[in-house]
Amino acid sequence: LPLALTTVVEDAANVHRFQIVQLGPDKLSLRLEAAGRQIAWHAASAALRGYLERQSLGNVHVVLSHEAPRLEARSGKLREVIVEHPATSRHHARL
């Protein structure tokens, strides 16, 4: 599923530096860079919602994060899909 989500965002919004953050079982947040942020958000959010609906996941909320994508502290890599639950807000794990 993570690869499918990143492909949806890349294809719809033509962006390559972003993060999809799972904030809970039914909430995703999209972190985008500042350049072209609103245009990318409109395209990516519509595409993500459509994809999730087709997967019978229409209950999942997609929100725009006020944060920019974050590099992983240890490796310096940009993980495009991460889990960040409120109880573990400082912990980043790969889906």
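Up top you'll find the structure we're talking about.
Residues numbered from 1 in each chain as written. Predicted model: local features only at pLDDT ≥ 70, side-chain atom pairs only at ≥ 80, totals over all residues. Heavy atoms only, no water.

**Considering the pattern of salt bridges**
Pairs can form between side chains of opposite charge once their charged atoms are near each other. Counted only if it meets this: The salt bridge definition used is simple: a Lys or Arg side-chain nitrogen within 4 Å of an Asp or Glu carboxyl oxygen. Here a helix means four or more residues in a row that DSSP labels H or I, a strand means two or more in a row labelled E, and each is numbered from the N terminus. Three exposure classes are used, based on accessible area relative to the maximum for each residue type with a 1.4 Å probe and protein chains only: buried under 20%, partly exposed in between, and exposed over 50%.
Here the structure, examined in full by the defined rule, presents six salt bridges. For R31, the salt bridge is made with E67, and the minimal N-O distance between the two is 3.7 Å. A residue pair is termed long-range when its members are at least 10 positions apart, and R31 in strand β2 (residues 27-32) and E67 in the loop between β3 (61-64) and β4 (81-83) qualify at 36 residues. Take R31: its relative accessible area is 2%, and that puts it in the buried class. Between E84 and R31 there is a salt bridge, with its nearest N and O atoms 3.1 Å apart. Residue E84 is located in the loop between β4 and β5 (93-94), and its partner R31 is located in strand β2; the two are separated by 53 residues in the primary sequence. Connected through salt bridges with shared partners, the residues R31, E67, R70 and E84 form a single ionic network.

**Here we look at the pairing of β3**
Consecutive side chains of a regular strand alternate in pointing toward one face of the sheet and then the other. Short version of the rule: Two strands make a pair as long as DSSP finds a minimum of two bridges between them. Call a crossover right-handed when, viewed with both strands pointing away from you, the route from the first strand across the helix to the second goes clockwise.
In the sheet, β2 pairs with β3 via four bridges, with the strands oriented parallel. Each bridged residue has a counterpart across the sheet, and for K27 the counterpart in β3 is H61. A crossover connection joins β2 to the parallel β3 through helix α2 (residues 37-54); in handedness this β-α-β unit is right-handed.

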